[in-house]
Amino acid sequence: MWVEPPGPDPEDIARKVAANPKLKIPPQPQWVLDADRRVVDHVWPGLSTYQRARIYLAAVFYNSVVTYIPFHAIRQGYLRLFGATIGKDTAIMRGTTLWGIEYLTIGHRTAIGSRCLLDARAGLAIGDDVVIASDTHIICGGHDVNHPDFLALMHIPIVIEDYVWIASRAMILPAHIGRGAVVGGHALVNKDVGELEIVGGVPAKLIGKRNPDALKYSGKFKPLFS
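Chemist: Just checking my understanding: could you explain the overall build of the chain for this structure?
Modeler: A tally of regular secondary structure across the chain gives 3 helices and 21 strands. Whereas a compact globule of 226 residues would reach a radius of gyration of roughly 17 Å, the chain reaches 18 Å, a difference of no more than 12%. Counting only C-alpha atoms and orienting by the principal axes, one finds that the chain spans roughly 60 × 40 × 30 Å. Counting the 226 residues in the chain, one finds 45% classified as buried. Taking all contacts inside the chain whose residues are at least 6 apart in sequence as the whole, residues at least 24 apart take part in 38%. As displayed, the chain offers around 11,200 Å² of accessible surface, 59% of which is attributable to carbon and sulfur atoms. Averaging the positions of the 24 positive and the 21 negative side-chain charges in the chain gives two centres separated by 9 Å.

Chemist: Just checking my understanding: could you explain the nonpolar core for this structure?
Modeler: Counting residues in each nonpolar core, the largest one holds 40 residues, and the members touching the most others are Ile 101, Leu 124, Ile 160, Ile 166, Ile 177 and Val 183. Elements that contribute at least two residues to this core include exactly α2 (49-64), α3 (72-81), β6 (104-106), β9 (124-126) and β14 (158-160). Ignoring sequence-local partners within four residues, the contact set of Ile 166 consists of Val 131, Ile 132, Ala 133, Thr 136, Ile 160, Ile 172, Ile 177 and Val 183.

Chemist: So what exactly am I meant to see when it comes to the environment of Ile 126 here?
Modeler: Here Ile 126 lies in strand β9. Its relative accessible area of 1% is what places Ile 126 among the buried residues. Filtering out sequence-adjacent residues up to four positions away, Ile 126 remains in contact with Asn 20, Thr 105, Ile 106, Gly 107, Thr 110, Ile 112, Ile 132 and Ile 160.

Conventions we followed
Residues numbered from 1 in each chain as written. Predicted model: local features only at pLDDT ≥ 70, side-chain atom pairs only at ≥ 80, totals over all residues. Heavy atoms only, no water. Helix = DSSP H or I, 4+ residues; strand = E, 2+ residues; numbered from the N terminus. Rg over C-alpha atoms; globule rule 2.2 N^0.38 Å. Buried < 20%, exposed > 50% of the residue type's maximum accessible area, 1.4 Å probe, protein only. Contact = heavy atoms within 4.5 Å. Areas by Shrake-Rupley, 256 points an atom, 1.4 Å probe, with all protein chains shown as cover. Lys, Arg positive; Asp, Glu negative; His and termini not counted. Charge placed at Lys NZ, Arg CZ, Asp CG, Glu CD. Core = buried A, V, L, I, M, F, W, Y, C linked by side-chain atoms within 4.5 Å.

Shape descriptors only; they carry no functional weight alone.
This is the structure:
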């Protein structure tokens, strides 16, 4: 029997858009059912088969080839060509994997380390002067473990505001991380993090507060050939 999966919370979406109006949110999927009312596929309203293939292949080529090219201008030029919004003096280091390129928004002077995973298929907006250390995973999607078809759901966007620092090997699931927050290394963020909060652990919990006067630096870090 067909069971309608839960949709995104409109209040959550509105709050994230208010925090970063540049957040790009894809249309919600429509499920394709067989004669037994089981899910066999999904379609994105307004996207043709050609457009879907182009989006997918653009990401595959970036993750297989472009991400390893040792020139920032080439890598970011490719991402912008396929719809990403990336600000001035921002760097995405080599070896980082990207999905949902067209729904990725990054502000100015933000540094993203090597071998990160940015899953923007539900919309990912990262602010100005953000520092994301290497091997961090930011994942918008997931599976509905209570659905009989184990549906892959990718409809909860992530917003990371200005001056956030995410330390190495953290994992960020759908959440809103407030301005100036700090996420400790290896932490698992599965709920919102407030402004200036320092969190750590699995799952991440509040362990301190940051001095608001510290938020005066630039997040620019763009080493040559990195």
